[in-house]
Amino acid sequence: MGVVTTKRPVRPGTTTAKPAALTWRAKLRRDWPLLVMNLPMLLIVLAFWWIPALGNVIAFQDYNPYTGGIAGSPIIGFTNFALLLEDPQFLRAVVNTLSITAFQLVFYFPVPIMLALLLNSIASARLRAFVQGVVYMPFFFSWVLVVAIFQQMFGGAGLLAQILRENGREAVDWMTNSDTFVLLITSQTIWKDAGWGAIIFLAALSTIDPNLYEAAAVDGARRWRRMWHITLPGLRPVIVLLLILRLGDALNVGFEQFMLQRSAVGSAASEVFDTFVYWSGLRTGDLGYGAAAGLFKGLVGLLLIVAANRLAHAFGERGVYSR
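Residues numbered from 1 in each chain as written. Predicted model: local features only at pLDDT ≥ 70, side-chain atom pairs only at ≥ 80, totals over all residues. Heavy atoms only, no water.

Caption draft 1: Structural detail: the pattern of salt bridges. On inspection of all chains with the given rule, the structure shows 4 salt bridges. In this structure, Asp-31 and Arg-30 form a salt bridge, with 3.0 Å as the shortest nitrogen-oxygen distance. Looking at Asp-31, the relative accessible area reads 23%, which means it is partly exposed. Take Arg-30: its relative accessible area is 51%, and that puts it in the exposed class. (Salt bridge = Lys/Arg side-chain N within 4 Å of Asp/Glu carboxyl O. Buried < 20%, exposed > 50% of the residue type's maximum accessible area, 1.4 Å probe, protein only.)

Laid out in structure tokens, this is it:
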């Protein structure tokens, strides 16, 4: 049986028209309290983000802060970028960064989702709060403390090595093994950040209508069916959004974590984009060269965000911004 819809009759001689668009003065009178409230943050962003971003001009200069500064340094065009593409250390840093990002995208990105599903399934509120506190705590540890803990556990004189020696087996120093370095840093990232990353997914889970689960249970759907057809579709917009942001941040895998372990595993395994910018720009004093590397990183991240957002639109998701 079809649904009957009723419409309000239109009087003869009248037309339905869209409401007139507000002028910018009317919008200002309407929204001025919100603008005033956001003004301090806008000033902070302007002072510490946009104005310093103008300094990227040194990437196109033979920059010397002691002789001429930005105003007196000669323009050399894209010379610094050409030197970057010819630098084997830069290419190695890019390859290491992308390979680490791809590995963590597969083995780290799903962990907060699974952790949020597990936490959400705990019936006892007290037990859930306790488990959440335990898994959130490592996020507040510094990378110095995290690396020290892993050194005490998996180093050459650590707990695992001592247990192996006591049982007549050869000890393995995982902290200095360059072949398994990607596994080491991924496990450190999971232990430190997975609990905090689950917060976003727990918030998304709280927005799913509980009546959907009740109706599915009445229809005979078991727990896995309910998770596949209700929970994961409810999380999909958040998953797509965070995946896009992660791709845009692909060249930013961290600085402290790699600098602390660089001497243990060597630069061949631990050289990433952030450490390359530090060693090639700040330590050598070639600030124009380092700025070119940083600008290259930002442009690649922007292209990755745009490409991932277009892919999200192709699958029907809103992404970071709408079309």
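Caption draft 2: Quick peek at the packing of aromatic side chains. Counted by the stated rule, this structure contains 19 aromatic pairs. With centroids separated by 5.4 Å and ring planes inclined at 40°, the aromatic side chains of Phe-60 and Phe-81 adopt a geometry described as tilted. Placement of the pair is Phe-60 in the loop between helix 1 (24–53) and helix 2 (69–72) and Phe-81 in helix 3 (residues 79–86), with a sequence separation of 21 residues. What makes Phe-81 buried here is its relative accessible area of 14%. Its end group placed over the ring of Phe-139, Lys-192 keeps NZ or CZ at 5.3 Å from the ring centre. (Phe/Tyr/Trp six-rings, centres within 6.5 Å; stacked < 30°, edge-to-face > 60°. Helix = DSSP H or I, 4+ residues; strand = E, 2+ residues; numbered from the N terminus. Lys NZ or Arg CZ within 6 Å of the ring centre and 35° of its normal.)

Caption draft 3: Examining the layout of surface pockets more closely. Considering only enclosed or pocket space, the largest pocket measures out at about 720 Å³ in volume. If you go around the largest pocket, you meet 21 residues; those closest to its centre are Tyr-108, Thr-189, Asp-193, Arg-246 and Asp-249. Mapped onto the lining of the largest pocket, the elements with two or more residues apiece are helix 4 (88–107), helix 9 (181–206) and helix 11 (223–248). Top contributing element to the lining of the largest pocket by residue count: helix 9, with 6 residues. Taken as a whole, the second largest pocket spans an internal volume of roughly 480 Å³. Lining the second largest pocket, in full, are Leu-117, Leu-118, Asn-120, Ser-121, Leu-205, Tyr-213, Arg-223, Trp-224, Arg-226, Met-227 and Thr-231. For the lining of the second largest pocket, the secondary-structure elements that each account for two or more residues are helix 5 (110–120) and helix 11. (1 Å grid on protein atoms, 1.4 Å probe; cavity = no way out; pocket = protein on both sides within 12 Å on 5 of 7 lines; lining within 4 Å. Points joined across faces, edges and corners; volume = space filled by probe spheres on them.)

Caption draft 4: Layout of the environment of Ser-187. Here Ser-187 shows up in helix 9. With 80 residues separating them along the chain, Ser-187 and Phe-107 place their C-alpha atoms 9.3 Å apart.

Caption draft 5: Highlighting the packing of helix 10 (residues 210–218) against helix 11. Following both chains from N to C, one finds helix 10 and helix 11 inclined at 150°, their axes separated by 11 Å at the closest point. Judged by the angle between their axes, helix 10 and helix 11 are roughly antiparallel. Regarding helix 10 and helix 11, the two cross each other, and that crossing is right-handed. Every residue of helix 11 that contacts helix 10 at Leu-212, Tyr-213, Ala-216 and Ala-217 is listed here: Arg-226, Ile-230 and Thr-231. In terms of residue class, the contact of helix 10 with helix 11 is made up of 5 nonpolar, 1 polar and 1 charged. (Axes fitted to C-alpha atoms, helices over the stretch in contact; angles between N-to-C directions. Parallel < 35°, antiparallel > 145°, perpendicular 65-115°, else oblique. Left-handed = near helix turned anticlockwise from the far one by under 90°. Contact = heavy atoms within 4.5 Å. Nonpolar A, V, L, I, M, F, W, Y, C, P; charged D, E, K, R; others polar.)

Caption draft 6: View of the confidence of the model for the chain. Here the chain averages 85 in pLDDT, while 93% of its residues score no lower than 70. Confidence, expressed as mean pLDDT per element, reaches its minimum in the chain at helix 2 with 84 and its maximum at helix 7 (residues 143–154) with 92. Confidence drops under a pLDDT of 50 for residues 1–7, and excluding neighbours within four residues, the segment shows 0 contacts in the predicted structure. (pLDDT = per-residue confidence, 0-100.)

Caption draft 7: Representation of a nonpolar patch on the surface in the model. Taken together, the side chains of Leu-39, Met-41, Leu-42, Leu-43, Ile-44, Leu-46, Phe-48, Trp-49, Trp-50, Ile-51 and Leu-54 make up a nonpolar region of the molecular surface, amounting to roughly 1,300 Å² of accessible area. Inspection of the secondary structure puts Leu-39 in helix 1. A residue is classified by how much of its surface remains accessible, and Leu-39, at 42% relative accessible area, is partly exposed. (Patch = residues over 30% accessible without salt bridge, like charges linked within 9 Å, V, L, I, M, F, W, Y side chains within 5 Å. Areas by Shrake-Rupley, 256 points an atom, 1.4 Å probe, with all protein chains shown as cover.)

Caption draft 8: Main features of the UniProt feature "domain: ABC transmembrane type-1" (unreviewed entry) in the chain. The positions that UniProt labels "domain: ABC transmembrane type-1" (unreviewed entry) are, in the present scheme, residues 94–308. Helix makes up 76% of residues 94–308 and strand 0%, and the two end C-alpha atoms of the span are 19 Å apart. (UniProt positions renumbered as here; feature names shortened; annotations may be inferred.)

Caption draft 9: Local environment of helix 12 (residues 256–265). Gln-257, Phe-258, Gln-261, Arg-262 and Val-265 are the residues of helix 12 that are buried. Projected onto a plane normal to the axis of helix 12, the buried residues spread over an arc of 145° and lie on a single side. Each element contacted by the buried residues of helix 12 is listed here: helix 4, helix 7, helix 9, helix 13 (267–270) and helix 14 (273–282). (Arc of directions from axis to C-beta.)

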